[in-house]
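# An overview of the molecular structure
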Amino acid sequence: MKRLNIEENYTNYHFIGIGGINMSGLAEILHNDGCVVTGSDRSGSKIIDSLRKKGIDARIGHDAKNVSENVQVVVYNAAVPADNAEILVAKQRCLRLMDRAELLGLLMKNYETSICVAGTHGKTTTTSMLAEIFMMAHKNPTVMSGGILPSMGGAMRIGSQDFIISEACEYNNSFLKFYPHIGIILNLEMDHSDFFADIGAMRKSFSAFAQKIPRNGLLVVNSEIDELGQLIRGLDCDVVAFGKNGSVVTQNIHLSKEGYPLFQVVGNGKTLGEIALKIPGDHNIQNAMAAICVAMHCGIDFAIIAAAFSQFAGAIRRFQRIGNYNGATIIDDYAHHPTEVAATIAAAKNMPHNRLWVVFQPHTRERTAEFLNEFAHELAQVDELIILDIFNPAGREEEHCKVHSKDLVEQAEKVNVANVHYMSSFSTCVEHLKQQLAQNDLLITMGAGNVYEVAEALYNSH
């Protein structure tokens, strides 16, 4: 029986780029609700195979013929160009065109409580933490994440209409199409310079996101965000701040022998209990604090929250342990902004190791050019550094920006000339690592592109 209503109660959808991690999740939700769902993508994948097994007609290649006569809505993502054949036929037939963020926002209206996780960093991890907590509390949440959570068996989960937990990305102002009852702002730093002119433009965007929370809603925000007062000024909703200057703080932070944080949580001067994380890094303490604030607001007992963290090992590609090679530990991480790189390296340094290796794949030319010096400074802090070619996702080729990975190598060498290498192919990188990695070394493959293939190839070669 159909439960969800999208505007005119549409029942027939076609997704362009259905193989994307978010697009596939939306397609599954609608399919599960009884809608007819079709889609197309440029190439096959495990996601495409999974959709087909569920009965969704997912085709390879874009063609006007993929859009059947019964389709009412054509959904697309940011990577789809305006001259895509399926976009053009949708316009010719005056079909409803809807981007991914708009559809997700409209879906949120069907849930009693929508929880939207925003911030420059940490969205996927915090969304995954919330999913773990709400599942342990038997809240049966619907979840839309940007990364795969093993306990969910994927990046999305179809639950009841009580709670939907979703990442809220600022790029293209996507999160301004959402309808949050509870919003989180984890942090706010300059990023996406191909869209935002400056940090002021980003602040304006995040402020508009916070303004979307209704009077009976809640904003959970990091107290250490610069000019926080300006960000939250004039809000109708309740505001809870976590961190050094907030009402919810940590104390007695220390590390386990594996390098994982343990800490006490104090709310309004009252000690609530202790949290033991299974993932490293001070940044993950911040992510956990945001999740704790939301969970407690939703009536979840602290003991359940603590139990959820005791079994939360992180999302895929978020400091994910791949395995070992020649006695060295292989970690894969999604860090692709200087702050994220610094946080990941700091977390790694707290773990037992001999030499710390990083294989870094820069993500987009715009970001690499914008933060060239910052990337160089943070990356050069490791013992051995390999820099691969820049990854530019479909739809963001940025040919006008001429920066090259060799420019990053040159800057990093100014900081530490001894440890920096440029490699133009994954195969060359893997062979170099096979020759050089030694007992008790720690290797991190790092970036938002496909650098994880280096970790997988290395691990599978032994």
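Above: the structure in question.
Note that the structure is a prediction, hence the values are computed from the model and not measured.

## Some remarks on the sheet that holds strand β3 (residues 57–60)
Judged by pairing direction, the sheet is parallel, and its five strands sit side by side in the order β3-β2-β1-β4-β5 without closing on themselves. Edge strands, defined here as strands with exactly one partner in the open sheet, are β3 and β5 (96–99). Strand-to-strand, the axes of this sheet are offset by a mean angle of 20°, without reference to chain direction. Bridge analysis of strand β4 (residues 73–76) against β5 gives four bridges, and the strand direction is parallel.

## Digging into the packing of aromatic side chains
This structure, assessed with the given rule, holds seven aromatic pairs. Relative to F209, the ring of F175 has its centre 4.8 Å away and its plane inclined at 10°; by these criteria the two rings are stacked. Separated by 34 residues along the polypeptide, F175 in the loop between β9 (163–167) and β10 (182–185) and F209 in helix α6 (residues 199–211) bring together distant segments of the chain. Of the residues examined, F209 reaches a relative accessible area of 0% and is grouped as buried. Between F195 and F196, the ring centres sit 4.9 Å apart and the planes meet at 85°, which makes this aromatic pair edge-to-face. Ring-pair connections join several aromatic residues into one group, and the members of that group are Y171, F195 and F196.

## Describing the nonpolar core
Core analysis: the biggest nonpolar cluster contains 81 residues, and Y13, F15 and L103 have the highest contact counts within it. The element that contributes the greatest number of residues to this core is helix α4 (residues 100–108), accounting for six residues. Dropping the residues within four chain positions of it, Y13 is found in contact with I6, L30, C35, V36, V37, T38, V73, V75 and L103. Grouped together as the second largest cluster of nonpolar side chains are 43 residues, L130, M152, V220 and I285 included.

Thresholds applied
Residues numbered from 1 in each chain as written. Predicted model: local features only at pLDDT ≥ 70, side-chain atom pairs only at ≥ 80, totals over all residues. Heavy atoms only, no water. Pairing = 2+ DSSP bridges. Helix = DSSP H or I, 4+ residues; strand = E, 2+ residues; numbered from the N terminus. Axes fitted to C-alpha atoms, helices over the stretch in contact; angles between N-to-C directions. Phe/Tyr/Trp six-rings, centres within 6.5 Å; stacked < 30°, edge-to-face > 60°. Buried < 20%, exposed > 50% of the residue type's maximum accessible area, 1.4 Å probe, protein only. Core = buried A, V, L, I, M, F, W, Y, C linked by side-chain atoms within 4.5 Å. Contact = heavy atoms within 4.5 Å.

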